[in-house]
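What follows is each chain in one-letter form.
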There are 2 protein chains.
Amino acid sequence: MPSTRDDLVAAAADLLEEGGPGAVTLREVGARAGVSRSAPYRHFAGKEDLLAAVAARGLRDRHAARMRRRAASPAEAVRADLLYFVRGALAHPALFRLTFGPWTVESPELADAAATSRAALVDLVIAAQADGALPAGDPDRVTALLTAVAHGACQLALSGHLSRAGKGHAAPADLVDDLLGHLGGQPADR
Amino acid sequence: MPSTRDDLVAAAADLLEEGGPGAVTLREVGARAGVSRSAPYRHFAGKEDLLAAVAARGLRDRHAARMRRRAASPAEAVRADLLYFVRGALAHPALFRLTFGPWTVESPELADAAATSRAALVDLVIAAQADGALPAGDPDRVTALLTAVAHGACQLALSGHLSRAGKGHAAPADLVDDLLGHLGGQPADR
DNA sequence: ACCTGAACACCGTTCAAGT
DNA sequence: ACCTGAACACCGTTCAAGT
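These numbers were taken from a predicted model, which means no experiment stands behind them.

### Here's the deal with the protein's contact with DNA strand C
Then comes step 1: Ser36, Ser38 and His43 of chain A together with Arg27 and Lys47 of chain B are the nearest of the 17 residues found near DNA strand C.
Then comes step 2: Within 4 Å of the protein, the atoms of DNA strand C are drawn from sugar and phosphate moieties in a proportion of 43%.
Then comes step 3: Contact between DNA strand C and Arg42 of chain A: a base oxygen at 3.4 Å from a side-chain N or O atom of the residue.
Then comes step 4: Between Lys47 of chain B and DNA strand C, the recorded distance is 2.8 Å, taken from a side-chain N or O atom to a phosphate oxygen.
Then comes step 5: Here the residues of the surface near DNA strand C are counted per class, giving 5 nonpolar, 7 polar and 5 charged.

Structure below.
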């Protein structure tokens with residue numbers, strides 16, 4: 001049985017998905033959750049705090065998918081994780097922008113979800129380094145490089161700064177594979 | 001003598017810089033430009049169109065700095081350009097987020113500025129490839145990889161997803177150099 | 001403990017009217 | 001050709017009052 005708080009987060013996530021950030025108003029969130037427009041203030045400090053809960057839910061979902069996954073090798077696990085992130089960002093641009101947007105509120109829930117997600121990817125990178133599939137060096141830093149490519153490629157693609165009229169249209173997933181190829185020596189298969 | 005249109009763009013850019021996106025209201029923009037709050041509608045289709053002009057101005061400024069620069073080698077020119085971008089994004093986060101944010105309006109001015117900036121970087125990459133300082137392959141794609149890392153590193157740093165409590169704190173500029181090192185074989189000097 | 005409903009301050013946008 | 005000023009619809013947030 002979902003609590004009113006859960007209902008509010010779900011309603012906000014649905015509105016964000018359906019109509020973008022402009023569609024997320026506390027009036028509509030309240031209406032979808034079956035409460036008034038001031039009810040959210042009994043559960044969240046304000047609108048941004050509610051949005052932080054939406055972002056945290058997204059990060060937790062991604063982490064759950066990662067834990068569910070079975071890969072043939074650590075290198076493939078890293079690649080699958082990055083490509084899953086890219087697919088999610090392109091499919092849900094508003095959630096992607098929200099999650100890594102400009103927060104002016106401190107949300108332990110969001111910070112925890114982000115830290116858990118990042119730590120899990122670092123573990124995969126460490127295993128891939130042990131296999132020689134990724135270069136040696138500070139695992140945090142190698143992870144940051146991989147994450148930066150995935151994030152930047154999605155940001156450029158979503159804002160239209162990646163595609164070009166003529167040839168050479170590279171999708172975000174291609175750029176992730178390019179980097180992995182340059183880092184690992186062996187280009188990723190298929 | 002700046003036109004009213006230029007005054008409006010300058011006022012919006014100043015407000016964005018000083019107080020973030022929430023501080024850019026047409027009322028305040030108009031007041032700073034010495035006109036009423038409805039005057040901007042004689043020069044722009046709406047608020048977003050005005051913001052597109054602000055973003056385009058930023059891209060043109062970056063391009064002007066690039067043209068002014070003298071580098072020891074094509075590889076150094078590419079590196080300097082990426083590091084200049086990173087420095088600008090971290091120093092002016094609101095402008096960075098605006099420029100590569102979710103546009104729902106078609107602005108030829110912004111599209112032109114972005115295309116010009118991208119093409120210039122591709123030229124630098126081509127020259128660096130000819131020197132063997134960057135791997136061969138579609139220059140558009142190599143440029144996209146470099147740009148993605150710079151953008152992603154800035155996005156992660158600004159949203160606090162890059163730093164970590166303990167060790168291994170990598171700044172965006174470090175990740176750019178890491179990538180160039182992996183791509184070029186020779187790590188960038190100093 | 002949780003919610004309502006009215007109220008407040010603020011915003012983007014429109015438009016008839018001015019010069 | 002460019003601008004004004006009032007108006008409209010909408011929003012986040014607060015708060016006294018209810019159960």
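Text resumes after the structure shown.
### Concerning the relation of the copies chain A and chain B
Then comes step 1: With an RMSD of 0.0 Å, the operation that places chain A on chain B is a rotation of 180° combined with a shift of 0.0 Å along the axis. Viewed as a symmetry operation, the transformation between the two copies matches a two-fold axis. Minimal C-alpha separation from the rotation axis in chain A is found for Gly152 of chain A, amounting to 1.8 Å.
Then comes step 2: The overlap is high: 98% of the interface residues of chain A also sit at the interface in chain B, so the same surface is used on both sides.

### Description of the pattern of salt bridges
Then comes step 1: Within the structure shown, the criterion is met by 20 salt bridges over all chains.
Then comes step 2: Salt-bridge contacts for Arg79 of chain A lead to Glu76 of chain A; the nearest nitrogen and oxygen are separated by 3.7 Å. Taken together, the residues Arg79 of chain A and Glu76 of chain A, both in helix α4 (residues 74-91) and 3 residues apart, mark about one turn of the helix.
Then comes step 3: On the basis of relative accessibility, which here comes to 12%, the residue Arg79 of chain A falls in the buried class.
Then comes step 4: Relative accessible area serves as the criterion here: at 22%, Glu76 of chain A is assigned to the partly exposed category.
Then comes step 5: Among the salt bridges present, the one from Arg79 of chain B reaches Asp177 of chain B, with a minimum N-O distance of 2.7 Å. With Arg79 of chain B in helix α4 (residues 74-91) and Asp177 of chain B in helix α8 (residues 172-184), the pair connects residues that are 98 residues apart, well separated along the chain.
Then comes step 6: One continuous salt-bridge network, built from bridges that share partners, spans Arg62, Arg66, Arg69 and Asp81 of chain A.

### What about the environment of Glu28 of chain B?
Then comes step 1: Structurally, Glu28 of chain B is set in helix α2 (residues 26-33).
Then comes step 2: For the pair Glu28 of chain B and Leu8 of chain B, spaced 20 residues apart in the sequence, the C-alpha separation amounts to 10.0 Å.

### Describing the domain arrangement of chain A
One frequent convention defines the size of an interface as the accessible area lost when the parts assemble.
Residue and element names in this part refer to chain A.
Then comes step 1: Here chain A is partitioned into domain 1 (1-44) and domain 2 (58-183).
Then comes step 2: Put simply, the middle of domain 1 and the middle of domain 2, counted by C-alpha atoms, are 28 Å apart.
Then comes step 3: The interface of domain 1 with domain 2 comprises 5 residues on the first partner and 6 residues on the second.
Then comes step 4: The interface formed by domain 1 and domain 2 holds 1 salt bridge in total.
Then comes step 5: Across the salt bridge formed by Arg5 and Glu109, the nearest N and O atoms sit 3.0 Å from each other.
Then comes step 6: In this structure, the connection of domain 1 to domain 2 is made through 2 residue pairs in polar contact (both at pLDDT 80 or more).
Then comes step 7: Among the residues making up the side of domain 1 that touches domain 2, the classes are represented as 2 nonpolar, 1 polar and 2 charged.

### So, the protein's contact with DNA strand D
Then comes step 1: Of all residues adjacent to DNA strand D, which total 18 residues, the nearest are Arg27 and Lys47 of chain A together with Ser36, Ser38 and His43 of chain B.
Then comes step 2: A breakdown of the atoms of DNA strand D within 4 Å of the protein gives sugar and phosphate a share of 42%.
Then comes step 3: Ser38 of chain B is positioned such that a nitrogen or oxygen atom in its side chain is 2.6 Å from a base oxygen of DNA strand D.
Then comes step 4: Taken together, the residues of the surface near DNA strand D sort by class into 5 nonpolar, 7 polar and 6 charged.

Thresholds, definitions, all that
- Residues numbered from 1 in each chain as written.
- Chains lettered and ligands numbered in written order.
- Predicted model: local features only at pLDDT ≥ 70, side-chain atom pairs only at ≥ 80, totals over all residues.
- Heavy atoms only, no water.
- Near = heavy atom within 4 Å.
- Polar contact = N/O pair within 3.5 Å; in protein donor to acceptor, adjacent residues only side chain to side chain.
- Nonpolar A, V, L, I, M, F, W, Y, C, P; charged D, E, K, R; others polar.
- Least-squares fit on C-alpha atoms with pLDDT ≥ 70 in both.
- Contact = heavy atoms within 4.5 Å.
- Salt bridge = Lys/Arg side-chain N within 4 Å of Asp/Glu carboxyl O.
- Helix = DSSP H or I, 4+ residues; strand = E, 2+ residues; numbered from the N terminus.
- Buried < 20%, exposed > 50% of the residue type's maximum accessible area, 1.4 Å probe, protein only.
- Domains from an automatic or database assignment.

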